[in-house]
Amino acid sequence: MIFAANFKMNHTRASTQQYLNSLQKGLDSRDMQDDEVFVFPPSTALCSWNGSITIGAQNAYYQINGAYTGEIGLEQLQEFDIDTILIGHSERRSILGESQEFVSKKFQWFKEHNFRIIYCIGEPLELREKGDEAVAQFLWEQFNGIDINYDRLIVAYEPVWAIGTGLSAKSEQIANTHRELRKKISSPILYGGSVKPENVKEILSIENVDGVLVGSASLKADSFLEMIDKAK
Ligand code: 13P
């Protein structure tokens, strides 16, 4: 199973180091043979890591380096041997205004550089209220320009209305959506949106759910480890 922690704009460099040390210690004392653990800290806390945790970038620009004020590129990621990135997160699409065209350019570029890409999709509430068919159509549009056969792809389905609200999607909604995605996607499919220790086991028992992408409940190493224990 895949357990991914997205810190968003939380944690400092110092607190990330503490977190990684506790998490790694916790993982080393568990049987994690069939699991993968990712942590996406903010860019100021990116670091090399000598352990089973994979550190990934929440975002980067699709160039090696250059005149892109405020961005980081391949050179800054390579300094820390980072070759994993989140692309298409709904907060970047809606708050930072990333269009599908921009997201797909980024995808293409990081694919060319052989990155592991966690590609995020998810529908807003208005779409969910229209039913499964409308949701499916919306989600497939979020794959425009994306190579769904890329062998280092992981898809994360995160309904926008379930992110940070405490209100996870219902099991049936997750099952139906993941089944729809599985028609064309053979890579792992994660669910994200208010995943917490209380619901992680149920969510991970749903067919076609290969892991979770967790925000708030991942911010404390103990809580993240508790989720791993509950799931296994
Ligand atoms: P929450 O777990 O806080 O709902 O966030 C989910 C998310 O957006 C992970 O990328």
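Residues numbered from 1 in each chain as written. Predicted model: local features only at pLDDT ≥ 70, side-chain atom pairs only at ≥ 80, totals over all residues. Heavy atoms only, no water.

Help me understand the pattern of salt bridges in this model?
Pairs can form between side chains of opposite charge once their charged atoms are near each other. Inspection of the entire model under this criterion finds 14 salt bridges. Of the charged contacts, one joins Lys230 and Glu226 as a salt bridge, the two residues approaching to 2.9 Å between their closest N and O atoms. Of this pair, Lys230 and Glu226 are both found in helix 9 (residues 221-231), four residues apart, which corresponds to roughly one turn of the helix. A relative accessible area of 35% means that Glu226 is categorised as partly exposed. A single salt-bridge network, built from bridges that share partners, covers Arg92, Glu98 and Lys106. (Salt bridge = Lys/Arg side-chain N within 4 Å of Asp/Glu carboxyl O. Helix = DSSP H or I, 4+ residues; strand = E, 2+ residues; numbered from the N terminus. Buried < 20%, exposed > 50% of the residue type's maximum accessible area, 1.4 Å probe, protein only.)

Explanation requested: the side chain of Ser168 in the structure shown.
With respect to the helices and strands, Ser168 occurs in the loop between strand 6 (153-157) and helix 7 (171-182). Within the structure, the side chain of Ser168 is placed 3.5 Å from the side chain of Tyr191, a separation counted as a polar contact. With residues up to four places along the chain from it excluded, the contact list for Ser168 reads Trp161, Ala162, Ile174, Tyr191, Gly193, Ser194, Asn199 and Ile203. (Polar contact = N/O pair within 3.5 Å; in protein donor to acceptor, adjacent residues only side chain to side chain. Contact = heavy atoms within 4.5 Å.)

Teacher, can you tell me more about the site of the ligand here?
Near the ligand you find 13 residues, and of these Lys8, Glu158, Gly164, Ser194 and Ser216 are the closest. Taking Gly164, its main chain carries an N or O atom lying 2.6 Å from an oxygen atom of the ligand. Contact between the ligand and Gly215: an oxygen atom at 2.9 Å from a main-chain N or O atom of the residue. Contact with the protein chains removes 98% of the 310 Å² of surface that the ligand exposes when unbound. Among the detected pockets, the ligand sits in the second largest pocket. Classifying every residue of the shell around the ligand by side-chain character gives four nonpolar, seven polar and two charged. (Near = heavy atom within 4 Å. Areas by Shrake-Rupley, 256 points an atom, 1.4 Å probe, with all protein chains shown as cover. 1 Å grid on protein atoms, 1.4 Å probe; cavity = no way out; pocket = protein on both sides within 12 Å on 5 of 7 lines; lining within 4 Å. Sits in = over half its atoms within 2 Å of the grid points. Nonpolar A, V, L, I, M, F, W, Y, C, P; charged D, E, K, R; others polar.)

Quick question: what am I supposed to make of the packing of aromatic side chains here?
What characterises a pair of aromatic rings is the spacing of the ring centres plus the angle enclosed by the ring planes. For the coordinates displayed, the defined rule picks out 13 aromatic pairs. When the centroid spacing of 4.7 Å and the interplanar angle of 85° are considered together, the rings of Phe7 and Tyr19 count as edge-to-face. On the criterion of sequence distance, the pair formed by Phe7 in the loop between strand 1 (2-6) and helix 1 (13-28) and Tyr19 in helix 1 is long-range, its members being twelve residues apart. For the pair shown, Phe7 and Tyr19 are each scored as buried. Ring geometry for Trp109 versus Phe110: centroids 5.0 Å apart, planes at 80°, classification edge-to-face. Comparing Trp109 with Phe110, the two get one shared label, buried. In this structure an aromatic cluster arises from ring pairing among Phe107, Tyr119, Trp140, Phe143 and Tyr150. The positively charged end of Lys184 is found above the aromatic ring belonging to Trp140, 4.2 Å away from the centroid. (Phe/Tyr/Trp six-rings, centres within 6.5 Å; stacked < 30°, edge-to-face > 60°. Lys NZ or Arg CZ within 6 Å of the ring centre and 35° of its normal.)

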